[in-house]
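Descriptive analysis of the structure
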Number of protein chains: 2
Amino acid sequence: MQKSALYKGCLEPIILQLLKDNGRMYGYQITQKARELTRGHLDITEGALYPLLHRLEEAGILETEIESAGNRMRKYYSLTKAGKKQSVQSFQELQSFIDHLSLIFQPKTA
Amino acid sequence: MQKSALYKGCLEPIILQLLKDNGRMYGYQITQKARELTRGHLDITEGALYPLLHRLEEAGILETEIESAGNRMRKYYSLTKAGKKQSVQSFQELQSFIDHLSLIFQPKTA
DNA sequence: CAGGATACCTAAGATAATTAGGTATCCTGT
DNA sequence: ACAGGATACCTAATTATCTTAGGTATCCTG
């Protein structure tokens, strides 16, 4: 995906939703899960993902635990209490945004 | 709207769709029609609209006719042949993008 | 032991909007 | 008569968000 600029602005709600559904995840895992759920259509680039995760942690939306798998580190992210609220809200925003779009693209059913 | 960054990248398909449905429109009219169809939720800013219209004309997607209503000019935009193709394609892209999003946000129904 | 997958990261550039202006006409109310 | 809101066009500076293109390092398979 990402050929289209449509993707812009959707990354944050996507991440919050994945963390809501899966409890806690590390960065690389998030990219794999998104790819899996969309059968390869959604490719989250690491250059977008990591800076966003850091911003969300900074903002108190996410919290981290670092663990090691063998000799390799994994930084697990999960929703804070504020993050859970945020994930609900961002889902609602996305839902309502899509509803409004459909008023443009399917005016008959309006 | 536009509090959310979701809107980014959607303006072009929206404009193409409105022109497809309404034949020909001038800039200000596009903003009003979008507002009307979404009952006030979609506010297309002129700073985004006009430069985009110019780019689409430059690209041969849109063509213009200037008319005057009283002493005031109106620049009407309509889809070229290439523009009609483009409007179909951009609709399909939007549709498929939303389908993929729904795989993230409603994984049960996948 | 090369190469792909796993796992983290950042910086420079591109893209696409917002914000905040500018110009000018038309119409309504006081 | 004229202030102010709607109509109608436009652009430039800034901001937000992503892509591209790197960098480091471990693990596993052929």
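Refer to the preceding data block for the structure.
The present account deals with the structure reproduced in this document. (Residues numbered from 1 in each chain as written. Chains lettered and ligands numbered in written order. Predicted model: local features only at pLDDT ≥ 70, side-chain atom pairs only at ≥ 80, totals over all residues. Heavy atoms only, no water.)

**Topic: the packing of helix H1 (residues 11–22) of chain B against helix H4 (residues 81–105) of chain B**
Residue and element names in this part refer to chain B. Which entries qualify depends on this criterion: Between N-to-C directions, angles span 0 to 180 degrees; the directions come from axes that are lines fitted to C-alpha atoms, helices contributing only their stretch in contact. Put simply, DSSP marks the helices as runs of H or I at least four residues long and the strands as runs of E at least two long, and each gets a number from the N terminus on. Orientation categories follow fixed angle ranges, with anything under 35 degrees roughly parallel, anything over 145 roughly antiparallel, 65 to 115 roughly perpendicular, and all other angles oblique. Left-handed describes a crossing whose near helix is turned anticlockwise from the far helix through less than a right angle; right-handed describes the clockwise counterpart. Contacts between residues were defined by any pair of non-hydrogen atoms, one from each residue, lying within 4.5 Å. Under the grouping applied here, Gly and all other residues not named as nonpolar or charged are polar, the nonpolar ones being Ala, Val, Leu, Ile, Met, Phe, Trp, Tyr, Cys and Pro and the charged ones Asp, Glu, Lys and Arg.
As a packed pair, H1 and H4 sit with axes 9 Å apart at the nearest point and diverge in direction by 125°. Accordingly, the angle class assigned to the pair H1 and H4 is oblique. Note on packing geometry: the crossing formed by H1 with H4 is left-handed. Contacts between H1 and H4 involve Glu12, Pro13, Leu16, Gln17 and Lys20 from the first element and Gln86, Ser87, Val88, Ser90 and Phe91 from the second. Broken down by class, the residue content of the contact of H1 with H4 amounts to four nonpolar, four polar and two charged.

**Some thoughts on the packing of aromatic side chains**
Residues and elements named next belong to chain A. Put simply, the test is: Here the aromatic set is Phe, Tyr and Trp, taking the six-membered ring for Trp, and pairing holds for ring centres within 6.5 Å; pairs whose planes are under 30 degrees apart are stacked, those over 60 apart are edge-to-face, and all others are tilted. Per-residue accessibility, obtained with a 1.4 Å probe over protein chains only, is compared with the maximum for each type, and a residue is labelled buried under 20%, exposed over 50%, and partly exposed between these values. The rule for a charge over a ring is simple: NZ of Lys or CZ of Arg within 6 Å of the ring centre, and within 35 degrees of the ring normal.
The full count for this structure, using the stated rule, is four aromatic pairs over all chains. Seen in terms of ring centroids, Tyr26 and Tyr76 are 5.3 Å apart; in terms of plane orientation they differ by 80°. Their pairing is edge-to-face. A residue pair is termed long-range when its members are at least 10 positions apart, and Tyr26 in strand E1 (residues 24–26) and Tyr76 in strand E3 (residues 72–79) qualify at 50 residues. The pair formed by Tyr26 and Tyr76 is uniform in burial state, with each residue classed as buried. Positioned above the aromatic ring of Tyr76 is the side chain of Arg24, whose terminal nitrogen or guanidinium carbon lies 3.9 Å from the ring centre.

**Looking at the pattern of salt bridges**
Residues and elements named next belong to chain B. Stated precisely, the cut-off is as follows: Salt bridges, as used here, are contacts in which a Lys or Arg side-chain nitrogen is within 4 Å of a carboxyl oxygen on Asp or Glu.
In total, this model carries eight salt bridges over all chains according to the counting rule given. Of the charged contacts in the structure, one is a salt bridge between Arg24 and Glu67, with a shortest N-O distance of 2.8 Å. Of the two residues, Arg24 sits in strand E1 (residues 24–26) while Glu67 sits in strand E2 (residues 62–69), which places them 43 residues apart along the sequence. Under the relative-accessibility criterion, Arg24 is labelled partly exposed at 29%. Taking the shortest distance from any N to any O, the salt bridge between Arg35 and Asp43 comes out at 3.2 Å.

**Focus: the interface of chain B and chain A**
For clarity, the cut-off: We define buried area as the total accessible area lost by two parts upon association, computed with a 1.4 Å probe and summed across both. For this analysis, a polar contact is any N or O atom pair within 3.5 Å, provided that within protein one partner can donate a hydrogen and the other can accept it, and provided that sequence-adjacent residues contribute only side-chain to side-chain pairs.
Taken together, the 32 residues of chain B in the interface contact 32 residues of chain A. Roughly 3,000 Å² of surface becomes buried between chain B and chain A when both sides are summed, with 80% attributable to carbon and sulfur atoms. Looking only at chain B, the three residues that lose the most surface to chain A are Leu6(B), Ile104(B) and Phe105(B), adding up to 25% of its buried area. In this structure, the connection of chain B to chain A is made through zero salt bridges. For the pair chain B and chain A, the interface holds zero residue pairs in polar contact (both at pLDDT 80 or more).

Any link to function would need more than the numbers given here.
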